[in-house]
Amino acid sequence: MRLENLNTVDANTLLKELNASSSKLEEAEAFLKLKAPSKKSEAYRYFETDCIVKKDYEIVTPKESTFSSDKDLIIENGKVVSAPSSVTVEIKEFTQTDKEHFDSLYYLSHIICSKVIVISINESLAFNIKHILTTQKDQLLSYRVVVLTKANTHSTIYETIDDKTDQSLVIGGYDITAAKDATVNFVTDRNYSKSGCIVFSNSYRVEENATFNLYTFDYASNNALTLFRAQLQERANFNAKHLLYTRDKAKSGTVSQIIHRGQSSHSNQSTKNILDDNSRGIFDALIKVENSGKYTVAHQNSKAILLNEGAYMASKPQLEIYIDDLEASHGSTTGQLDKAQLLYLQSRGIKVEEAKKMLILGFANEIIDSIDNKEIAEKVHASFETAYYGTPKIECMQTCDTCL
Amino acid sequence: MSNKVLTIKDLKVKIGDKEILKGLNLELEEGKVHVIMGPNGAGKSTLSKTIVGHYDVEVTGGDITYKGNSIIEAEPEDRALEGIFMSFQHPVEIPGVNNTYFLRTAVNARRTHLGQEELNAAEFLKKMRVLIEELGMKNELISRSLNEGFSGGEKKRNEILQMMMLEPEVIILDEIDSGLDIDALRDVSEGINKMKDGKRSFLVITHYSRILDYIKPDYIHVLKDGQIVDTAGPELVEQLEKEGYAQYEEK
Ligand SMILES: Nc1ncnc2c1ncn2[C@@H]1O[C@H](COP(=O)(O)OP(=O)(O)OP(=O)(O)O)[C@@H](O)[C@H]1O
Ligand SMILES: [Mg+2]
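As the structure is a prediction and not an experimental result, all values here were calculated from the model. (Residues numbered from 1 in each chain as written. Chains lettered and ligands numbered in written order. Predicted model: local features only at pLDDT ≥ 70, side-chain atom pairs only at ≥ 80, totals over all residues. Heavy atoms only, no water.)

**Q** I tried to follow the overall build of chain A on my own but got confused; where do I start?
**A** Helix and strand counts for chain A stand at eight helices and 21 strands. Here chain A has a C-alpha radius of gyration of 21 Å; the compact-globule value for 404 residues is 22 Å, and the two agree. Principal-axis analysis of the C-alpha atoms places the extent of chain A at approximately 70 × 50 × 45 Å. Going through the 404 residues of chain A one by one, you find that 57% of them count as buried. Within chain A, residue pairs in contact and separated by at least 24 positions form 81% of the contacts whose partners lie at least 6 positions apart. (Helix = DSSP H or I, 4+ residues; strand = E, 2+ residues; numbered from the N terminus. Rg over C-alpha atoms; globule rule 2.2 N^0.38 Å. Buried < 20%, exposed > 50% of the residue type's maximum accessible area, 1.4 Å probe, protein only. Contact = heavy atoms within 4.5 Å.)

See the structure below:
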């Protein structure tokens, strides 16, 4: 199966080729309209698409089976291994796909997955999701997770990936609904493998008066992209903070659309990117304020530090606005480490290499320390330091009184 | 004759295309307090930046020797490890870098350089707590990001805290007294006085005689237009206060 070949067939043939049910016709049509990713696709213009569309893949589908009860939700190659008893987890069909997504792979993965993992959150709680990925050469794995929250609940999800994929393609993603008056904190902490290609394509619905706080921490030395579309209803809040650290020849980052549909909704999206070697960071992010989105407040910001001449930041914050009554801003900066800060550290006897690392850690810490849940923040500190130094190094960065 | 710790000889320094220091001569004696006064823009901060190896400055002539060796080519961190410390006129803010973590890294780098054992977290904190108390620093400042959002006076106190923790041998204080309230000036001055041990040398850059009521100077130097144009005892301060720097107008 070569994904670029799907562009030329009709919707029914597409479903047949992918062994999908005819109930996915709408998704198939949406896919064909958007077409498989290529250099010409808006959503994939900065990404490496050859590993997606120009390779012959064998589609592997997760086998359905029973799972045990554990404190963490563990998903191995798309199969639920265990789940916490505090949430309801079901493997079932999902029909309420996002009809306006901008990403063809969002639809493709919904077509491939006849069933998805549906997590229903009925009370306020916190839990972890661990993905284990071990797909091998030429395998294409697709699986999806749906998170449904009940009105007025407050949940915190901390997601990690144990990524051991090798020359494979994983297309996954979440459909998350933050119900009316609910709060969802979603922290994702991903240290990608050196040779897999991963695309997560998500859809977030933030209902009336709900708050969705999204944190993404991505450490990549290969190709890994996250795309999401967030749709905000009246008085909804959407806060997204992204930290990206790339090295080698990675192309990685976030492609997003935040849609202000309801009145008085607020969004704030900021990204920090640390780019080393010959890697490319991507922040291709649109904020769209629709006619109905009066009194929107929308802010967007991107900062990048290039650690190497070969590194490159593709930063495209964009605002598309159809009304006057709003407050909006966006900005983007790319640069090197601050010379004055570096000198200050050196002048206290800290070697320049160490001083640079300290500044980079500081740059990252600004995002990590803004996570309300301190237990999760500690874990993210450790994961960033592991990705950056190779080991968790800093025994104490911020909570000195407690950890010293 | 007393020992010269730091000798600056015929120093010429450019910033950008502009010559700022124009053949400056100065010797710091062991255990002594040297004060530099001089008009705005004379080159006082440039001199201190040159001693610590700031990237702004380009040395085009002359030499600086510390304990007998030229340091012109040395990296800023190596000068610091060898015992040279400067408190910045305008300390930078470094968001995300925890003040305590930074200072412990710096202190242990210096200790390692001196062949001493590193301080563990508890030892370090114990030592630091005593000093922040003495300096009248707010406790929370040490767990915040380095200088971020600190008031002017808090930044200066933080510079002094670093000085006391690092125990340097040559201490350059660039307008440490500017922007300090009366209590802060006293706390900071007491901190500086505690560092006097008969061996450490001080280079105090100031515009005001106020701080000299606390820190008794041994020498007053006048820096004007890139050169030291006068050197005298503490009595010079009073005369400068009265007459300003007009007496040094080029003839
Ligand atoms: N980075 C720079 N770029 C250009 N000119 C500079 C720079 N730094 C200093 N200068 C210039 O060098 C001269 C000396 O500046 P310096 O800061 O050494 O003066 P100063 O004696 O410390 O003055 P003050 O008493 O106001 O602190 C000034 O004319 C200043 O404008
Ligand atoms: Mg100055």
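Text resumes after the structure shown.
**Q** I would appreciate a short explanation of the environment of Lys251 of chain A in the present structure.
**A** Residues and elements named next belong to chain A. Residue placement: Lys251 occurs in strand β16 (residues 251–260). Remark: the alpha-carbon pair of Lys251 and Asp10, spanning 241 residues in sequence, is separated by 31 Å. Lys251 has contacts with Tyr46, Phe47, Glu48, Asn222, Asn223, Ala224 and Arg280, leaving out every residue within four places of it along the chain.

**Q** Whenever I open this one, the coordination of the magnesium ion (ligand 2) confuses me. Can you help?
**A** Residue and element names in this part refer to chain B. The coordination sphere of the magnesium ion (ligand 2) contains the protein donors Ser45 (OG) and Gln89 (OE1), at a distance range of 2.0 to 2.3 Å. Of this pair, Ser45 sits in helix α1 (residues 44–52) while Gln89 sits in the loop between β6 (84–87) and β7 (94–98), and the two are 44 residues apart along the sequence. When its relative accessible area of 23% is taken as the criterion, Gln89 is described as partly exposed. (Donors = N, O, S within 2.8 Å, 3.2 Å for Na, K, Ca; no water.)

**Q** I would appreciate a short explanation of the packing of helix α6 (residues 352–368) of chain A against helix α7 (residues 374–389) of chain A in the present structure.
**A** Helix-helix packing is characterised by the crossing angle of the two axes and by the distance between the axes. Residues and elements named next belong to chain A. Running from N to C, α6 and α7 point in directions that differ by 150 degrees, and their axes come no closer than 11 Å. When the axes of α6 and α7 are compared, the pair comes out roughly antiparallel. Like other packed secondary-structure pairs, α6 and α7 cross with a definite hand, here right-handed. Each of Lys357, Ile360, Leu361, Ala364, Asn365 and Ile368 in α6 lies in contact with α7, whose residues at this interface are Ala377, Val380, His381, Phe384, Glu385, Tyr388 and Tyr389. (Axes fitted to C-alpha atoms, helices over the stretch in contact; angles between N-to-C directions. Parallel < 35°, antiparallel > 145°, perpendicular 65-115°, else oblique. Left-handed = near helix turned anticlockwise from the far one by under 90°.)

**Q** Looking at this structure, how should I read the interface of chain A and chain B?
**A** Many analyses report the size of an interface as the accessible area lost when the parts associate. Taken together, the contact pairs 29 residues of chain A with 38 residues of chain B. Interface area, chain A with chain B, both sides summed: about 2800 Å², of which 66% is carbon and sulfur. The tally of links between chain A and chain B comes to two salt bridges. Here Arg348 of chain A ties to Glu159 of chain B by a salt bridge, and the two come within 2.7 Å at their closest N and O atoms. One can count twelve residue pairs in polar contact (both at pLDDT 80 or more) joining chain A with chain B. Elements with a contribution of two residues or more to the side of chain A that touches chain B: α5 (339–346), α6 and α8 (400–403) of chain A. (Buried area = accessible area lost by both parts, 1.4 Å probe. Salt bridge = Lys/Arg side-chain N within 4 Å of Asp/Glu carboxyl O. Polar contact = N/O pair within 3.5 Å; in protein donor to acceptor, adjacent residues only side chain to side chain.)

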